[in-house]
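Observations on chain architecture
Listed below are the residues making up each chain.
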Amino acid sequence: MPSPTPLTSASSMLRHRLLPSLRTRGGGGSGPSRWTSPGHEEQPKGYLFNRTPLPPGQSRKWEDWELPCYITSFLTIVILGVGLNAKPDLTIETWAHNKALERLEMEKIGLSASGSGESE
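Just so it is clear, the model here is predicted, and its values are computed rather than measured. (Residues numbered from 1 in each chain as written. Predicted model: local features only at pLDDT ≥ 70, side-chain atom pairs only at ≥ 80, totals over all residues. Heavy atoms only, no water.)

This model, assessed by the stated rule, comprises three salt bridges. Here Glu-63 makes a salt bridge to Arg-51, at a shortest N to O gap of 3.5 Å. Here Glu-63, found in the loop between helix H1 (5–24) and helix H2 (66–86), pairs with Arg-51, found in the loop between H1 and H2; they are twelve residues apart in sequence, far enough to count as distant. On the accessibility criterion, Glu-63 (39% relative accessible area) is partly exposed. Accessibility expressed as a relative area gives 41% for Arg-51, which makes it partly exposed. Two residues, Arg-60 and Glu-66, come together in a salt bridge whose shortest N-O distance is 3.1 Å. (Salt bridge = Lys/Arg side-chain N within 4 Å of Asp/Glu carboxyl O. Helix = DSSP H or I, 4+ residues; strand = E, 2+ residues; numbered from the N terminus. Buried < 20%, exposed > 50% of the residue type's maximum accessible area, 1.4 Å probe, protein only.)

In this section: the side chain of Glu-66. Summarising the element assignment, Glu-66 is placed in helix H2. Within polar-contact distance, the side chain of Glu-66 engages the backbone nitrogen of Glu-63 at 2.6 Å. Setting aside residues up to four positions removed in sequence, Glu-66 forms contacts with Arg-60 and Lys-61. (Polar contact = N/O pair within 3.5 Å; in protein donor to acceptor, adjacent residues only side chain to side chain. Contact = heavy atoms within 4.5 Å.)

Glancing now at a nonpolar patch on the surface. Residues Trp-62, Trp-65, Leu-67, Tyr-70, Ile-71, Phe-74, Leu-75, Val-78, Ile-79 and Val-82 make up a contiguous nonpolar surface patch of about 1100 Å² in total accessible area. Here Val-82 shows up in helix H2. (Patch = residues over 30% accessible without salt bridge, like charges linked within 9 Å, V, L, I, M, F, W, Y side chains within 5 Å. Areas by Shrake-Rupley, 256 points an atom, 1.4 Å probe, with all protein chains shown as cover.)

Here we come to the environment of Asp-89. Tracing the backbone shows Asp-89 in the loop between H2 and helix H3 (92–119). Looking at Asp-89, its side chain comes within polar contact range of the side chain of Thr-91, at 3.2 Å. Of note is the side chain of Asp-89, whose polar atom sits 2.6 Å from the side chain of Thr-94.

Attention now goes to the confidence of the model for the chain. The predicted model of the chain has a mean per-residue pLDDT of 80, with 70% of residues at 70 or higher. Summarising per-element confidence for the chain, the mean pLDDT is lowest in H1 (70) and highest in H2 (97). (pLDDT = per-residue confidence, 0-100.)

Set out below in structure tokens:
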């Protein structure tokens, strides 16, 4: 088994080269982090989507994008629901079942035709 000294020296060299660069990218230490900016709050307010509730008696105004988004979503669900329920059944099992029924029907026709011909 080789001695662990080359592996130890390589790992210490990597550690000394990488640790200073990790510290400058927000990997630790003090100062601003890469995940926060001056606009972020330390603690959320505790409301849904961080919106403060409106005073009693007032209703929330819809934003410009909401009505087209809701209409498009509803129509998409309706079109998919109707379209997926009305699509033809093209599975291999259905095709094989229909082919088997056709062959059975052909055998019945063939047996009835040959059976009537023998009795005459």
